[in-house]
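The chain contents come next:
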Amino acid sequence: MLLARRAVKAAVRTNTCRCFSVAQTHLSDRKGLVLGVFEQQEGKDGSLHLTEAAAGFDKSLSGKLSELLKISGPALKKGKSRIFYGIHKDFPCLAVVGLGKSKAGVCGAENWDTSKENIRQAVSAGCRSLQDLEVKHVEVDSCGDAQSAAEGAVLGLFQYDQLKSKKRTKVTAQLHGSADMVGWEKGVMFAEGQNLARLLMEAPANHITPTAFANAIEEKLVPHAERVTINKRFAWIAEQQMGAFLSVSKGSEEPPVFLELHYNGSPNSKQPPLLLVGKGITFDSGGISLKPSQSMDAMRADMGGAATVCASIVTAAALKLPVNIIGLAPLCENMPSGKATKPGDVITAKNGKTIQVDNTDAEGRLILADALCYGHTFNPRAIVNVATLTGAMDVALGSAATGVFTNSDWLWEQLHKASVVTGDRVWRMPLFQHYTRQVTDSQLADLNNIGKYSRSGGACTAAAFLREFVSAPHWAHLDIAGVMSNKDEIPYLRKGMSGRPTRTLVEFAAGLAETV
């Protein structure tokens, strides 16, 4: 018996395929299963705390799974997985994942629901382990929260390899059993929305030009044509006297596009809409104030605000949320040329305010300024603009949370509540008059685009600048520069562009629908 146990340990730890049944399954037809196990509770007799689905599976095998877990190594840690082979004829490959503490719930210190995050992390680890084994079909334990499990699976399996000849195995994930199929499907749609944003942000700038971006979103919204109106505007930009927007785009050979989306989900067509505005710089070289070449390639994702806003509307349409949403995305490149705006130039925004442009690399606030002015014409219920606006935001918060600047306590509470659910956190930042004075003290114009002390409180002065173009009582500016990409901070996202905070925006919109 001792020798048998050692053999099992060796098979599990080295991931060699030691079969426990005589069933042989063709490689391409293999199915995998992901099941969860919680941490053992103190004071218990050492028995495993399996999820409901895992316990049922274990029972069908007369306790074989429990026995293997006990002899194959130490207790599974949170977010880790362990593979077993051949213990069930329908699932030649089984990944058991650690879920941490049972019923961990919302953590005030972390500002998220720990249980949900643990499930996302664990399920993604299990699915990836099976993907590495080239298993193409995976069933997933709901782990007590089908939506979070679906999000973990779909987000964790995403990989941008469209332009590579060698691609990862494509895995289809489905819910194991029939528990809460509605929650699972909802989670899939939330995750697919974030993956759409990741896809757009990761794609190279020569593939996602302003026109290509607009066309991609239009294509995604085709299935929802009865609820969505799409306007792709070109010459209209000049007719609207959007001088700030055009001052950024004129250095590029690519024409600017103003993308306008109307999702009419509410039964009441007169319901004031939620207005989402996204910065859409499809490549940011810095213009004449040229960026350093190191890491400039990442500036293909400087349209992350537009990507997350548009992906949120695509997701809202898929979910059929009963709320009206308008999305605005000013799309252009910021490039140096003989036609480009020069440091010291003065431009005029749509609302007539003049702006001294002392740094052409502070361009996002310029295109947002005109979009915000235009957005007020819809008398929105609330305005939320999203932008990879400042490196200072990355310095302040890193990738832990999106920085939120808002003039509305109510709006902050709604965004914060949504972020606790999604685990894609937000953190409130100051909008003091202290910062406003720094952008209104300009030598040549009404405003300066970088503020009086350019290196001090850069994220705050950028927000103060945007506030000069807002008169609505409920407005929030989300600076997502720090959360634009992921290295290894979010375990269920692979390295690359993150698509954050798409799910938080969708959850926020869903919350507004409930409070109408």
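- You'll find the chain entered in an unreviewed UniProt entry as Cytosol aminopeptidase, with Amphiprion ocellaris given as the organism.
- What the UniProt record of the chain gives under Subcellular location (unreviewed entry) is the line "Cytoplasm".
- Per UniProt, the comment on the chain under Subunit (unreviewed entry) is "Homohexamer."

### Concerning unusual backbone geometry
Okay, step 1: Note that the residue after arginine 500, namely proline 501, is joined by a cis bond; omega there is 0°.
Okay, step 2: One can find proline 501 in the loop between strand S22 (496-497) and helix H16 (502-514).
Okay, step 3: With a phi close to 60°, serine 62 is a non-glycine residue in the positive phi region.
Okay, step 4: Following the sequence through the fold, serine 62 ends up in the loop between helix H2 (52-60) and helix H3 (64-71).

### Quick look at the pattern of salt bridges
Okay, step 1: If you walk through the whole model with that rule in mind, you get 23 salt bridges.
Okay, step 2: Here lysine 116 and aspartate 145 are joined by a salt bridge, their closest N and O atoms 2.7 Å apart. Here aspartate 145 lies in the loop between strand S7 (137-140) and helix H5 (146-157) and lysine 116 lies in helix H4 (residues 114-132), a separation of 29 residues in the sequence.
Okay, step 3: Measuring nitrogen to oxygen at the nearest pair gives 3.1 Å for the salt bridge that ties arginine 233 to glutamate 260. Of the two residues, arginine 233 sits in strand S9 (residues 228-233) while glutamate 260 sits in strand S10 (residues 257-264), which places them 27 residues apart along the sequence. An identical accessibility class is assigned to arginine 233 and glutamate 260; each is buried.

### Quick notes on the environment of histidine 137
Okay, step 1: Following the sequence through the fold, histidine 137 ends up in strand S7.
Okay, step 2: Between the C-alpha atoms of histidine 137 and valine 171, which are 34 residues apart in sequence, the distance is 5.7 Å.
Okay, step 3: In this view, histidine 137 contacts Arg30, Lys31, Gly32 and Thr172; residues no more than four positions away in its chain are not counted.
Okay, step 4: Within polar-contact distance, the side chain of histidine 137 engages the side chain of threonine 172 at 3.0 Å.

### As for the packing of helix H13 (residues 409-422) against H16
Okay, step 1: In the contact formed by H13 and H16, the axes pass within 8 Å of each other and the chain directions differ by 120°. By the angle between their axes, H13 is oblique relative to H16. Handedness of the crossing formed by H13 with H16: right-handed. Between H13 and H16, the contacting residues are Trp410, Leu411, Gln414, Leu415, Ala418, Ser419, Val421 and Thr422 on the first element and Arg503, Thr504, Glu507, Phe508 and Leu512 on the second.
Okay, step 2: Tallied by class, the residues present in the contact of H13 with H16 amount to seven nonpolar, four polar and two charged.

### A few points about the sheet that holds strand S19 (residues 447-448)
Okay, step 1: Spatially, S14-S15-S19 is the arrangement adopted by the three strands of the open sheet, whose pairing is mixed. Bordering the open sheet on either side are strand S14 (345-348) and S19, each of which pairs with just one other strand.
Okay, step 2: By the bridge criterion, two bridges tie strand S15 (residues 354-357) to S19 in an arrangement that is parallel. Within S19, the position partnered with isoleucine 355 by the bridge is leucine 447.

### Examining the UniProt feature "domain: Cytosol aminopeptidase" (unreviewed entry) in the chain
Okay, step 1: The UniProt record annotates "domain: Cytosol aminopeptidase" (unreviewed entry) at residues 359-366.
Okay, step 2: From the first C-alpha to the last, residues 359-366 spans 11 Å; its make-up is 38% helix and 0% strand.

### Concerning the packing of aromatic side chains
Okay, step 1: Following the criterion strictly, the structure yields eight aromatic pairs and no others.
Okay, step 2: Taken together, a centroid distance of 4.9 Å and an interplanar angle of 80° make the contact between tryptophan 236 and tyrosine 374 edge-to-face. You can see tryptophan 236 sitting in helix H8 (residues 236-239) and its partner tyrosine 374 sitting in helix H11 (residues 364-375), a full 138 residues away along the chain. For the pair tryptophan 236 and tyrosine 374, one class covers both residues: buried.
Okay, step 3: Here a set of aromatic residues connected by ring pairs shows up, and it is made of Trp236, Phe245, Phe258, Tyr374 and Phe378.
Okay, step 4: Here lysine 353 stacks its cationic end above the ring of phenylalanine 469, 5.8 Å away from the centre of that ring.
Okay, step 5: Residue placement shows arginine 425 over the ring face of tryptophan 112; its charged tip is 4.0 Å from the ring centre.

Conventions we followed
- Sequence order as written defines residue numbering, which begins from 1 separately in each chain.
- Under the rules for a predicted model, residues below a pLDDT of 70 receive no local features and side-chain atom pairs below 80 are neither given nor counted, while totals for whole chains, interfaces and linings still include all residues.
- Only hydrogens and water are set aside; all other atoms, that is, all heavy atoms of the structure, feed into the side-chain values.
- UniProt positions are given in the numbering used here, feature names are shortened, and annotations may be inferred rather than shown by experiment.
- Segments assigned H or I by DSSP are reported as helices when at least four residues long, segments assigned E as strands when at least two residues long, and all are numbered from the N terminus.
- Take a side-chain nitrogen of Lys or Arg and a carboxyl oxygen of Asp or Glu: if they are within 4 Å of each other, that pair is a salt bridge.
- Remark: exposure states derive from per-residue accessible area (1.4 Å probe, protein chains only) relative to the maximum for the residue type, with buried under 20%, exposed over 50%, and partly exposed in between.
- Residues are treated as being in contact if the distance between any of their heavy atoms lies within 4.5 Å.
- Any pair of N or O atoms that falls within 3.5 Å is considered a polar contact. Within protein, one atom must be able to donate a hydrogen and the other to accept it, and sequence-neighbouring residues count only if both atoms are side-chain atoms.
- For helices, the fitted axis covers only the stretch in contact; all axes are lines through C-alpha atoms, and the angles between them, taken along N-to-C directions, range from 0 to 180 degrees.
- Just so you know how the angles are binned, under 35 degrees is roughly parallel, over 145 roughly antiparallel, 65 to 115 roughly perpendicular, and the rest oblique.
- We call a crossing left-handed when the near helix sits turned anticlockwise from the far one by less than a right angle, and right-handed when that turn is clockwise.
- Under the scheme applied here, ten amino acids are nonpolar (Ala, Val, Leu, Ile, Met, Phe, Trp, Tyr, Cys and Pro), four are charged (Asp, Glu, Lys and Arg), and all others, including Gly, are polar.
- Two strands qualify as a pair provided DSSP detects at least 2 bridges between them.
- Each aromatic pair joins two rings of Phe, Tyr and Trp (for Trp, the six-membered one) with centres within 6.5 Å, and gets the label stacked for planes under 30 degrees apart, edge-to-face for over 60, and tilted for any other angle.
- Whether a charge sits over a ring comes down to the Lys NZ or Arg CZ being within 6 Å of the ring centre and within 35 degrees of the ring normal.

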